[in-house]
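What follows is the residue order along each chain.
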Amino acid sequence: MAGNTLLFKSNYAVSGKIEPFYKGGKVQISHDEQYIFCTCGPRVNILQISTGKIVHSIEQDDQEDITSFSLSPDDEMLVTASRALLLKQWDWKQEKCTRSWRAIHNVPVASMAFDCTSTLLATGGCDGTIKLWDVVKQYCTHNLKGSSGVVHLVEFHPDISRLQLFSSSVDCGIRIWDLQTSKCICILESHYSAVTSLAFSPDGQILVSSGRDKICSVWDLKSNAVKKTVPVYETVEGVVLLPGKSDYSQMGVKNDSLHFVTAGSKGVLRVWDSSSAQCVFTQTLRDAQVLKTEDGDLDPRSLMHLLPMPQSNKLVTVTAEHNIIIHQMPDLAVQQQFVGYNDDILDVKFLGKDDTHIVVATNSSQLKVFELATNSCQILYGHTDTILSIDVFRKGSMFASCAKDKSLRLWKMDPESGRVHCVAQGSGHSNAVGSVACSRLRSTFLVSGSQDCTIKVWDLPDLLPDVGCEPLLITARLTEKVHDKDVNSVTISPNDKLLASGSQDRTAKLWSLADMSLLGVFRGHSRGIWCVQFSPVDQVLATASADGSIKIWSIQDFSCLKTFEGHDASVLNIIFVSRGTQVVSSGSDGLVKLWTIKTNECVKTLDAHLDKVWALHGSRKDDLIVTGSADSMITLWKDVTEVELAEEQAKQEDQVLKQQELSNLLHEKKYLKALGIAISLDQPHTALRVIREIRQQENGIQELEKTLLKLRQDQKESVLRYSVVWNTNSRSCLDAQAVLQVLLTHLSPEEILQYQGARTHLEGLIPYTERHMQRIGRLLQSSMFLDYMWQKMRITGGKDSVNLDEDDNVDEMDTSPQSIFMIDKRPGNVTDIQVCEQQQEDKEEDLEDSIEEEELLDEDESVSTSKSARVNGMKQNGVNPVEDGGQVSSEESEDEEDVVEINTKSLPTKSMDSGPSKTAKIR
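All of these numbers come straight from a predicted model, not from anything done at the bench. (Residues numbered from 1 in each chain as written. Predicted model: local features only at pLDDT ≥ 70, side-chain atom pairs only at ≥ 80, totals over all residues. Heavy atoms only, no water.)

Draft legend 1. Inspection of the overall build of the protein chain at higher detail. For the protein chain, the count of helices and strands is 9 helices and 59 strands. Counting only residues that meet the buried cut, the protein chain has 50% of its 923 residues in that class. Here the protein chain displays about 44,400 Å² of accessible surface, and carbon together with sulfur accounts for 47% of that area. (Helix = DSSP H or I, 4+ residues; strand = E, 2+ residues; numbered from the N terminus. Buried < 20%, exposed > 50% of the residue type's maximum accessible area, 1.4 Å probe, protein only. Areas by Shrake-Rupley, 256 points an atom, 1.4 Å probe, with all protein chains shown as cover.)

Structure follows, in C-alpha cells:
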C-alpha cells in the first residue's frame, strides 16, 4: 500500500459540534435584539444572533420540561415554569437561579408575560386560572378565574395606566381583565378557533388578533367592537403591526392606514391592509415548491411564530421544523437562518473549495448548508420528500442529492457569495432513490441507486443554468436492474471506469461504467450491505454490512482480503483515510472506529453520539472528518496525531532536561529545587532519592525539615501521597516516617485534612506503620536476648571459679583470652575447647553484623540478601538447640527483609559438680 514513511493516524478530537437547541415551544427576543431565547426540553437556550452560538443555557435541576418562560422588558429577569409546578427566577447572564417558589396552579403553567414595568408577571394555567405576581415584592397579587380550559395566551395592555390584562383560552374568546377590580370587563368574541396572537397599535387604541380559523380581527378598544374582519385563507399563528414611520412601498404599502403582517400554514409572510382587508404583498421563497400534504397534515414550512425586531426593522419567523429565520424589511429578504433541531441526520458532506461548509440531509425535504465558521445556515428547498443521500464532486462546488420523491437534484455553490441554488433535476426511478454518486475526474455524469433495484447513469451538460434560472431537466443514459433487493450504496472508482454497488441482498457487485456490464460479485456478508467504497490508491473495495463487519475485497479476483469486526451492531458507513492505509467506520452503536488495514487493528474508538451514526465524510486535506447521527448532532473531528506526537516528544525532551537539572541540583546540594522538580515530574522514586540525599547530610534531620516546610501546599500533598507508597516498603519506610514526622509535627490536623485525599492517605499509613513497629519491637527483643546471653556466657579460666551472679554489666566484662579448664566425664582437649570458644565469639559478632546490615540494606539492590544468624549447637561443648524451645524471629517483610531467628531451650544456669573444683557447663 502506501510507503512506510506515511504517518498513520492514531486519534481524532472533537473540534466542533452542531447540536439541537430548540425543539418547539415559546421563542422570545431580548429587547436589545441581541439574543433569542427558546426552549429545549428542561433548558432555555440563549442564542447570540450575531455569532449564531449558544452563549447561555438555563437548565432545570429536576430535569423537568419547561412549559413556559418570559423575559422581562429590561432584559434582566428570566422566569421559567416547569411541569414540577415551580416558578424560578434566573439571573440568566450568570446562569444562576436567584429565587424559586411554588406556583399556586394545580396544573402546569401554559402561558406567561411581563408588564412593561418588569414588575408584574401574569401566568395562565391549564386549570383556567390566571395569577399575577409582584416579582419585586415577591407575592401573588391577583387570582383571576372565569376562563374555560387552558389559558394559552396572556398579554398586558402596553399602556400601564389602563391596568388591563388580555387573555384567551380554548373558548376562543378574548377576555379583558380590569386589574383594579380583578374582574373580566369584556369578552371579545369573533374567532371560531383558538386565538394565536395579539398585536397592539402604538397608541393602544387598536388590537389585531389572529386565529386558526383563518381570519384576523381588527378591534377598536374604545368600544371593544370589531372594526374589520380580514379573511387570510390560512391558519395564522402570528401577527405583527407594521410601524408607520418607515417606507414600506416595496411591500405594497401605499397609504397611511394600518397594515399588519401574518405568518401561517403556507410558510410565507403576507402584508395586509386593514382598511380594505386586502393582501398587498406576499413573500416568495426561492426554489420552493408547493408540498403535497394531506388534509390535517402540517406543512414542514409552516410558520409557528412571528416576532418583531423594531429597532433593526426585522421580523423573526419560526418554522414547524424548528428553524429560526430572520427577515430584513422592507423586502422581507432572508438575512439569517438558524436550525434549532435537525431530527435524524441521514447524510453529511464537506462543501466548498477549502471545506468551509457542510451540506446536511436530515429527515426532511430540505437541505441545510452550514458555514462552519459561524454555524449560519442556508435552507434549500426543492425536494418534496425526505432526502436520503448526498455526494459532492471533486472540486467541491457542486453536489447531488436524492430523495424519497424518486428524483435527484444537482446543486451549485456560488464561490463569491456562498449561496447555493439548484441547477438540474432528474426523475425516472419507480421508487425512492437511496444513493447517489458523482464522477471523480470531471463533473460529467451521476449514478443513482434506488429501492426499485436499479441503477441509472445520468449525463450532465457542459453548461449549467445561472442563479435564478429554472433548473435543467436531465434524463438517464443507462438503466440496469442490478440487485434482487434495495440498492443501498453506489460508488465510482477514482478513474471513473468502475462502479460498485451494495444491496440489501447481502452482495456487492462490480460494474463497468462504459456499458454497465457485470465484472464480478462479492459474496461473504451474512446481512445487507450499507456502504461500499473504493480505495483511493489500491485496487480494493471496502464494504460495510449490517452483520457488524467490514470487509476489504480484491477487485482483481473478488476475494476477501481482510475482515474487521468490532462494532456491536450494523456498520452504516466507511471512508478511507491516510491515503488508503486506514479506514474509518461508523455504526448503529453510536461509535466511530479507526482501523489500520495492515495490522487488522482498531486504533481508536470515538464516542460522541447517542444513536445511529448514518453520516460520515472526510475532508480533502485528510485532516478532518464529520459525522452525523440520529441523535440530531453533527460532530466535527480533527486529526490530532501529529499534535500528540509533538507533545509526547516535547514532554520526553523536557523530562530529560529536568533529569539533568535534577542531578546538577543534587550535586550542588540545592535540595528544595531538586525536590520541586521531582514532584513536577511526578516521579516518586526520584523524590525518594532526593529525600535520601538530604538525610545523608551531616544535619540531615534539620535539612529535611527545612526543605519540606518550604514546599507549596500542592507539593506537600504530593509528598504525603508519595510517603504512603514509600511506607509500604521496608527499604524506604524510614524515609517515609521521617517525612511524616516533619509534616505531622509542623502542620495542624486541620491543615492536613484540607489536602486532597488526606483521609485516604492517612488511613493507608496506619496498617503498614503498625507492622513496622511490630517488626522493630521483635528485633529489639531479640537484641536484648543476645545481650543477656553475652553477659551470662562469660567463662573464667585458671583457678577462678565461674561466678554467674557477678559482672552483670556488659561494659565491665572481661573478654580477654584465658585458659579454660573443664572437668567432664569424658576427657577433653584444651586446644579444642579454645577453638570452640573462638568460634562461638565469631558467630555472635556475625549475628550483630547481620542485624546492623538489615537496617542499612540499600534500596537499589535488585535481589535482597537473606541472612540468618543462628547459635548452632556444639556436640561436646557448645549450646545445643532443642526442638521444643522458645523462638524469637522478626517478621519477614514484603521485600524479603533479613531474618534473625534464635532457638533456645532454656536460659544458661549455674551448675556445681560434686568434684573438688567448680564446673561451668554451657547448654
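That was the structure; now back to the text.
Draft legend 2. Seen up close, the environment of isoleucine 174. Note that isoleucine 174 resides in strand E16 (residues 174–178). Taking the relative accessible area as the measure of exposure, isoleucine 174 reaches 0% and is therefore buried. Separated by 21 residues in the primary sequence, isoleucine 174 and valine 195 have C-alpha atoms spaced 7.8 Å apart. Setting aside residues up to four positions removed in sequence, isoleucine 174 forms contacts with Phe166, Ser167, Cys186, Ile187, Leu188, Val195, Leu198, Ser209 and Trp219. (Contact = heavy atoms within 4.5 Å.)

Draft legend 3. Here's a closer look at the sheet that holds strand E10 (residues 109–114). The 4 strands are arranged E10-E11-E12-E13 in an open sheet whose pairing can be described as antiparallel. Of all strands in the sheet, those bounded by a partner on one side alone are E10 and strand E13 (139–144). Geometrically, the sheet is characterised by an average inter-axis angle of 20° between neighbouring strands, direction not taken into account. Relative to strand E11 (residues 120–125), E10 runs antiparallel, the two being bridged by 5 bridges. Pairing of methionine 112 across the sheet is with threonine 123, part of E11. (Pairing = 2+ DSSP bridges. Axes fitted to C-alpha atoms, helices over the stretch in contact; angles between N-to-C directions.)

Draft legend 4. Focus on the nonpolar core. Core analysis: the biggest nonpolar cluster contains 34 residues, and Leu675, Val690, Ile691, Leu708, Trp726 and Val739 have the highest contact counts within it. Counting residues per element, the ones that place at least two in this core are helix H1 (641–667), helix H2 (671–680), helix H3 (684–695), helix H4 (700–709), helix H5 (713–726), helix H6 (733–746) and helix H8 (758–792). Among the nonpolar cores identified, the runner-up in size contains 16 residues, and Ile345, Val348, Val360 and Ile634 belong to it. (Core = buried A, V, L, I, M, F, W, Y, C linked by side-chain atoms within 4.5 Å.)

Draft legend 5. Inspection of H5 at higher detail. Spanning 14 residues, H5 covers 20 Å between terminal C-alpha atoms, matching the ideal 20 Å at 1.5 Å per step. For H5, every residue scored as buried is listed here: Gln715, Lys716, Glu717, Ser718, Val719, Leu720, Tyr722, Ser723, Val724 and Trp726. In this fold, the buried residues of H5 make contact with H2, H3, H4, H6, helix H7 (749–753) and H8. (Expected span 1.5 Å × (residues − 1).)

Draft legend 6. Representation of the sheet that holds strand E22 (residues 236–241) within the structure. With antiparallel pairing, the 4 strands of this open sheet are ordered in space as E22-E23-E24-E25. Strand pairing shows two members of the sheet lacking a second neighbour, E22 and strand E25 (278–282), which therefore form its edges. Taking each pair of neighbouring strands and ignoring which way they run, the sheet shows an average axis angle of 30°. Bridge count for strand E23 (residues 259–264) against strand E24 (residues 269–273) is 5 bridges, and the pairing is antiparallel. By the bridge assignment, threonine 262 is partnered in E24 with arginine 270.

Draft legend 7. Examining the environment of serine 72 more closely. Relative to the elements of secondary structure, serine 72 occurs in the loop between strand E6 (66–71) and strand E7 (78–82). Judged by its relative accessible area of 0%, serine 72 falls in the buried class. Sequence separation between serine 72 and threonine 117 is 45 residues; the distance between their C-alpha atoms is 8.4 Å. Beyond its immediate sequence surroundings of up to four residues, serine 72 is in contact with His31, Met77, Phe114 and Ser118. Engagement of the side chain of serine 72 in a polar contact is seen with the side chain of aspartate 74, the distance being 2.4 Å. (Polar contact = N/O pair within 3.5 Å; in protein donor to acceptor, adjacent residues only side chain to side chain.)

The quantities given are spatial measurements derived from coordinates; they are silent on function.
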